[in-house]
Amino acid sequence: MATDYYAILGVQRDASQEEIKKAFRRLARELHPDVNPDPKTQERFKEINTAYEVLSDPQKKQMYDLGGDPMGSGVGAGAGGFGAGFGNFSDIMDAFFGTATQRGPKSRTRRGQDAMIRLEIDLNGAAFGTTKEIQVDTATICGTCNGEGAAPGTSAQTCDMCRGRGEVSQVTRSFLGQVMTSRPCPQCQGFGTVVPTPCPECAGDGRVRTRRTLTVKIPAGVDNGTRIQLAGEGEVGPGGGPPGDLYVEIREAPHPVFQRRGDDLHCTVTIPMTAAALGTKVPLETLDGMEEVDIRPGTQSGQSIPLHGRGITHLRSNGRGDLVVHVEVQTPSKLDPEQEELLRRLAKLRGEERPQGQFQPGQQGLFSRLKDAFNGR
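For clarity, every value in this text was computed on a predicted model and none was experimentally measured.

Undergrad: Would you take a moment to explain the overall build of the protein for this structure?
TA: A tally of regular secondary structure across the protein gives ten helices and 15 strands. Counting over 377 residues, the protein shows a buried share of 37%. In the protein, the proportion of contacts linking residues at least 24 apart, taken out of those at least 6 apart, comes to 65%. As presented, the protein carries roughly 21,800 Å² of accessible surface, and 48% of it is formed by carbon and sulfur atoms.

Undergrad: I keep staring at helix α3 (residues 39-56) and nothing clicks. Help me out?
TA: For α3, spanning 18 residues, the distance from its first C-alpha to its last is 26 Å, which sits close to the expected 26 Å at 1.5 Å a residue. Those residues of α3 lying buried are Thr41, Phe45, Ile48, Asn49, Thr50, Ala51, Tyr52, Glu53, Val54 and Leu55.

Undergrad: What is the right way to look at the sheet that holds strand β9 (residues 246-252) in this model?
TA: Sheets are built from strands paired through backbone hydrogen bonds, the pairs being either parallel or antiparallel. On the basis of which strands lie adjacent, the open sheet formed by three strands has the order β1-β9-β8 and mixed pairing. On the outer flanks of this sheet lie β1 (115-121) and β8 (227-230), each paired with one strand and no other. Taken pair by pair, the neighbouring strands of this sheet meet at an average axis angle of 25°, ignoring direction.

Undergrad: What is the right way to look at the side chain of Thr140 in this model?
TA: For Thr140, the position within the fold is in strand β2 (residues 130-141). Here the side chain of Thr140 touches Thr210 through a polar contact of 2.9 Å, side chain to side chain. If sequence neighbours within four positions are ignored, Thr140 has contacts with Gly206, Arg207, Val208, Thr210, Arg212 and Val236.

Undergrad: Please explain the pattern of salt bridges as it appears in this structure.
TA: Pairing is possible between side chains of opposite charge, provided their charged atoms come close. Following the criterion strictly, the structure yields 18 salt bridges and no others. Arg44 is paired through a salt bridge with Glu47; the nearest N and O atoms lie 3.8 Å apart. Here Arg44 and its partner Glu47 are both found in helix α3, three residues apart, which amounts to about one turn of the helix. A salt bridge links Glu235 to Arg209; its shortest N-O distance comes to 3.1 Å. Residue Glu235 is found in the loop between β8 and β9, and its partner Arg209 is found in strand β7 (residues 207-218); the two are separated by 26 residues along the sequence. Overall, the relative accessible area of 13% leaves Glu235 in the buried class. With a relative accessible area of 54%, Arg209 lands in the exposed category.

The rules behind these values
Residues numbered from 1 in each chain as written. Predicted model: local features only at pLDDT ≥ 70, side-chain atom pairs only at ≥ 80, totals over all residues. Heavy atoms only, no water. Helix = DSSP H or I, 4+ residues; strand = E, 2+ residues; numbered from the N terminus. Buried < 20%, exposed > 50% of the residue type's maximum accessible area, 1.4 Å probe, protein only. Contact = heavy atoms within 4.5 Å. Areas by Shrake-Rupley, 256 points an atom, 1.4 Å probe, with all protein chains shown as cover. Expected span 1.5 Å × (residues − 1). Pairing = 2+ DSSP bridges. Axes fitted to C-alpha atoms, helices over the stretch in contact; angles between N-to-C directions. Polar contact = N/O pair within 3.5 Å; in protein donor to acceptor, adjacent residues only side chain to side chain. Salt bridge = Lys/Arg side-chain N within 4 Å of Asp/Glu carboxyl O.

What follows is the structure, encoded as structure tokens:
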């Protein structure tokens, strides 16, 4: 009685090649000798390998469907039973690891790598955005061979070792029978073709190094570490493959006056104690031009004054951060006799019993004279 290979794999006679392969993978995982060493299971494993060898080969399958026996005699007659079915090594690997090994020649054309450069901008450019020109050294397609890699007038030829398959097979014998494995062809490195006369310009790579000038638009609100993607401006791939992307990483140069914290700016202004006591207006050069900071009477050292909307533009929303002005009150370290006398009179007028921060009669004029004295009037 003829062996029913369809029944061995558990599929219908009209099953597709994909259904046959799925059935084989499922059974291979269950019955492989490394998983189940039982002798009966090993015999069953040999059967499914032989059945798969027949049903996965169009010619053998056709012979079997017409009533012939492509294996010569019974199950397991081909190459020691196990070796016959196990010759399709990638299907065994796929059954256990879920991925099949690559079959056939690989392409010489591959996508290029991404590239990254760093660009330094000033605080004003980060706050409002700017446009910069940058120079990049990247691989571009070879103009001599147009990415083919072969010298002009020549072309790639089919590898005579693997006959264009990109891989060579080797049969080894194990305790389970013969095992056929495949590896990339050593002569063509798996491409299936060889280039007998490489392009003299690119040495067969299909690309050359070139310096280019690009214009980069920097959006308002960028910060240290912000990356701007320029699609298709990276390295051209081997064999003239599509280019990768270019990433521009922003570096913000330190500012002599302002310190950035997120989208807010901070700075410090130093005023004499008389100005802090009497109040004044301090000119300050901001990102938007010259402005006057209003110092109210009685301002203490360490107090901060916010200027709303004078900071950095928000990168992904409307509006801007704030400019926070920190006040530092300067106490004079040296006094002349007149200044010392005025301060003593002020201390006497204030008294410990009076509420601090309030002027008493006659103090306003005294503060004015102190201010004039400290300013050398």
